[in-house]
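So the chains spell out like this:
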Amino acid sequence: MIVTREKPLDEILGYIWPFTKILIAGCDGCVHPPRGLREAKTYALMIEMAGKAKGKQFECIPVTVAKQCDNNIVYTSLQSYINEVDAVLSLACGVGVQVIVEVFPDIPVFPAQNTVFMGSQPKEGAIFYEKCRACGECLLGYTGGICPVTRCAKSLLNGPCGGQVNGKCEVGGWVRDCAWYLIYQRLKKLGRLDLFEEFRPPRDQRIASSPREVGGLVR
Amino acid sequence: MSGQYISELERHLKEGKFVYTGELEPEKTTDISETIEMARELKGYVVACNVTDNPRACAYISSVVASYLIQKEAGMEVIFQLTCRDRNRLALTSELLGAYALGIRNVLALTGDHTTLGDNPQAKPVFDLDSAQLIYMIRKMVDEKTDLAGNPIHHPPKFIVGGVANPNAEPLEAEILKFARKVKAGMQFCQTQVTFDIEKTKAFLKEVERFEVPVILGIFPLKSYGIAEFFDKNVPGCAVPRHLLESLREMDKGITDKQKRKQKIDELNIEFFGEFCRELRKTTRLAGLHVMAVGYTRIIPPLIEVIGR
Ligand code: SF4
Ligand code: SF4
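All values reported here derive from a predicted model rather than from experimental measurement.

What counts, and where the lines are drawn
- Residues numbered from 1 in each chain as written.
- Chains lettered and ligands numbered in written order.
- Predicted model: local features only at pLDDT ≥ 70, side-chain atom pairs only at ≥ 80, totals over all residues.
- Heavy atoms only, no water.
- Helix = DSSP H or I, 4+ residues; strand = E, 2+ residues; numbered from the N terminus.
- Rg over C-alpha atoms; globule rule 2.2 N^0.38 Å.
- Buried < 20%, exposed > 50% of the residue type's maximum accessible area, 1.4 Å probe, protein only.
- Areas by Shrake-Rupley, 256 points an atom, 1.4 Å probe, with all protein chains shown as cover.
- Phe/Tyr/Trp six-rings, centres within 6.5 Å; stacked < 30°, edge-to-face > 60°.
- Lys NZ or Arg CZ within 6 Å of the ring centre and 35° of its normal.
- Contact = heavy atoms within 4.5 Å.
- Buried area = accessible area lost by both parts, 1.4 Å probe.
- Salt bridge = Lys/Arg side-chain N within 4 Å of Asp/Glu carboxyl O.
- Polar contact = N/O pair within 3.5 Å; in protein donor to acceptor, adjacent residues only side chain to side chain.
- Nonpolar A, V, L, I, M, F, W, Y, C, P; charged D, E, K, R; others polar.
- Near = heavy atom within 4 Å.
- Pairing = 2+ DSSP bridges.

Trainee: What's the story with the overall build of chain A in this structure? I'm lost.
Mentor: Looking only at helices and strands, one finds seven helices and eight strands in chain A. In terms of C-alpha radius of gyration, chain A reaches 22 Å, well past the compact-globule figure of 17 Å for 219 residues. Reported as C-alpha extents along the three principal axes, the dimensions of chain A are approximately 65 × 45 × 25 Å. Counting all 219 residues of chain A, 42% fall into the buried class. Total accessible area on chain A is roughly 12000 Å²; 54% of this is exposed by carbon and sulfur atoms.

Next comes the structure, spelled out in structure tokens:
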């Protein structure tokens, strides 16, 4: 899922301060932590209360969108509100914010979240770990299903580096697992250490250079 | 420089002569006269000196410029260190072309410590290539006379390219396989991290023998108890033997006369490393020693004397 973290309320208030009527747009898609209707309502309350405490009367309309990364869904879900409000606060990831901008180019749209990475959570309530950087040329088939591009701090393709000590990474002071140590262990278990010895030539960085585009499939 | 050989280092390695290399660390300065002075002191003892490239991710004077000045002013052959942390393949290529134009012939390709460990931790780390890929690129420049993308180089360079390995690494198997990758990429010599552990070193040297790449082992003579303790605490995975630490601490406390203390510490180092290295020379195919003695150059001549040429 796409992992996000909420921005400080003061930063959000700073964005919307010049406006009064705010559409708070949640997203029911892959954004995490959940930012649907319930959270939109919470944001609405928080903003109105914080505004009041500072002598400002906000009027918030909380709504949600099934997927903020889909122009069509955004249009059908939000178009009936757009003319009633002065600004939109999106609770989705950075993609969602930009889609609203594209669909409704005349209204200011602000992010409520910092989008951090694509990752997973071992169990509910636990830490999220970044797992994939969308590099465009997946190497998991050679690395035992553990991503060196994302999980090695140097994105090395021929690791481990000299900073690996007892399976831990130099970055952060030998606390986090060294991805290349994990890869070694996994390939050993699979009886595929031949892959660990294989030299991987430099990659074509164009594949991962932003902004990227891919051809769409027509449903 | 030396007939059929590209450098003195290559000549020594190819002729099977035991080599000594030293280490110079230019710092955050525009004046490297002190480093040049150190290089002069090492002349005649070591065949070449490594010149570090922003070591520990600290922004120092350019390694290629320092290397040039050291060769020119001190007449000391250098092993130019080049890391992947601060430059993409374009910058690495131009750095190498420039280095060759300035008379640099030995290159040591390194990944480089991560930026977050250094003195500008806010910096963006590059790592467009890794150390094995850098070796591959350098060999391509030399052997195929092109850059990485295949564009021809007019007057291509001739370098001897080395890589690093860590005899202390656990699991050793992963380190050996990484060594194999570097050999496939074209590594011509290897310099190792510092080690104090004779058993691990023997096991490592035994394992890499089959690659037939000369290995120069890193040793770190301990100038004082303070330095030994710092090293022990801050270089994980490479413990200073307890008995060495203890003896140094006793000397540090017990001997008040400065000259006498120096002498005792030197004797301790000569005894420990003398035995350590003689044993390795007897039992393995060790090609040489990389003596990391920044600020402790006086130890090098007597050490060489006991270990032998
Ligand atoms: S190699 Fe890593 S970053 Fe690239 S697509 Fe696969 S998981 Fe994602
Ligand atoms: S210690 Fe491991 S994870 Fe960390 S940078 Fe080196 S190879 Fe990558």
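There is more to say after this.
Trainee: In this structure, what is going on with the packing of aromatic side chains? I would like to understand it.
Mentor: Two descriptors summarise a pair of aromatic rings, namely the distance from one centre to the other and the angle between the planes of the rings. A complete count under the given rule lists 18 aromatic pairs over all chains for this structure. With a centroid separation of 5.8 Å and an interplanar angle of 75°, the aromatic rings of Trp17 of chain A and Phe58 of chain A are classed as edge-to-face. Remark: Phe58 of chain A occurs in the loop between helix H2 (37–53) and strand S4 (59–65) and Trp17 of chain A occurs in the loop between helix H1 (9–16) and strand S2 (21–27); sequence separation between them is 41 residues. On the basis of an interplanar angle of 75° and a centroid distance of 6.2 Å, the ring pair of Phe179 of chain B and Phe204 of chain B is categorised as edge-to-face. Of this pair, Phe179 of chain B sits in helix H6 (residues 172–185) while Phe204 of chain B sits in helix H7 (residues 198–208), and the two are 25 residues apart along the sequence. Taken together, Phe196, Phe220, Phe231, Phe272, Phe273 and Phe276 of chain B form an aromatic cluster joined through their ring pairs. Over the ring of Trp17 of chain A we find Lys56 of chain A; its NZ or CZ atom is 5.8 Å from the centre of that ring. A cation over a ring is seen here: Arg281 of chain B above Phe18 of chain B, with NZ or CZ 3.6 Å from the ring centre.

Trainee: Explain unusual backbone geometry to me, please; I cannot follow it from the model alone.
Mentor: A negative phi angle characterises most non-glycine residues, just as the trans form characterises most peptide bonds. All names here are of chain A. Omega for the bond connecting His32 with Pro33 falls within 30 degrees of zero, at 0°, which places this linkage in the cis form. Topologically, Pro33 is positioned in the loop between strand S3 (31–32) and H2. Residues Gly159 and Pro160 are joined by a peptide bond in cis, for which omega reads 0°. Secondary-structure assignment places Pro160 in the loop between helix H5 (148–151) and helix H6 (179–189).

Trainee: Is there a simple way to explain the interface of chain B and chain A in this structure?
Mentor: One frequent convention defines the size of an interface as the accessible area lost when the parts assemble. Counting residues at the interface gives 28 residues for chain B and 31 residues for chain A. Note on chain B versus chain A: buried area summed over both sides is about 2600 Å², and carbon and sulfur give 57% of it. Contact with chain A buries area across many residues of chain B, yet Gln133, Leu177 and Arg181 of chain B alone supply 24% of it, more than any other trio. At the junction of chain B and chain A, the tally comes to one salt bridge. Across the pair Glu173 of chain B and Lys188 of chain A runs a salt bridge whose closest N-O atoms are separated by 2.7 Å. Summed over the shared surface of chain B and chain A, the number is 19 residue pairs in polar contact (both at pLDDT 80 or more). Among the elements of the structure, helix H5 (131–144) and H6 of chain B are those that each provide at least two residues to the side of chain B that touches chain A. The element best represented in the side of chain B that touches chain A is H6 of chain B, accounting for eight residues. Residue classes in the side of chain B that touches chain A are distributed as 12 nonpolar, seven polar and nine charged.

Trainee: Explain the site of ligand 1 to me, please; I cannot follow it from the model alone.
Mentor: Contacts to ligand 1 come from Cys132, Arg133, Ala134, Cys135, Cys138, Leu139, Leu140, Cys147 and Thr150 of chain A. Here the shell around ligand 1 is built from residues that sort into seven nonpolar, one polar and one charged.

Trainee: I would appreciate a short explanation of the pattern of salt bridges in the present structure.
Mentor: When their charged atoms lie close together, side chains carrying opposite charge are able to pair. All told, the structure shown has 33 salt bridges over all chains when counted by the stated rule. Of the charged contacts in the structure, one is a salt bridge between Lys154 of chain A and Glu170 of chain A, with a shortest N-O distance of 2.8 Å. Taken together, the residues Lys154 of chain A in the loop between H5 and H6 and Glu170 of chain A in the loop between H5 and H6 connect sequence positions 16 residues apart. Residue class for Lys154 of chain A comes out buried when judged on its relative accessible area of 4%. The partner of Asp119 of chain B in a salt bridge is Lys28 of chain B, and the shortest N-O contact between them spans 2.7 Å.

Trainee: How should I be thinking about the side chain of Arg87 of chain B in this particular structure?
Mentor: Residue and element names in this part refer to chain B. Tracing the chain through its elements places Arg87 in the loop between strand S3 (78–83) and helix H4 (89–101). Among the polar contacts listed, one links the side chain of Arg87 to the backbone oxygen of Thr83, at a separation of 3.4 Å. Here Glu95 takes part through its side chain, which lies 3.3 Å from a polar atom of the side chain of Arg87. Non-local contacts of Arg87, meaning those with residues more than four positions away in its chain, are made with Asp53, Leu82, Leu92, Glu95 and Val126.

Trainee: Looking at this structure, I do not really get the sheet that holds strand S7 (residues 113–120) of chain A. What am I missing?
Mentor: Strand pairing in a sheet relies on backbone hydrogen bonds, with the paired strands running either antiparallel or parallel. Residues and elements named next belong to chain A. Ordered by their spatial adjacency, four strands build an open sheet running S3-S1-S7-S8, and the pairing between neighbours is mixed. Every interior strand has two partners, whereas the edge strands, S3 and strand S8 (129–132), have only one. Pairing of S7 with S8, which is carried by three bridges, proceeds in the antiparallel orientation. In the sheet register, Met118 faces S8, and the bridge partner there is Cys132.

So yeah, pure geometry; function would need other evidence.
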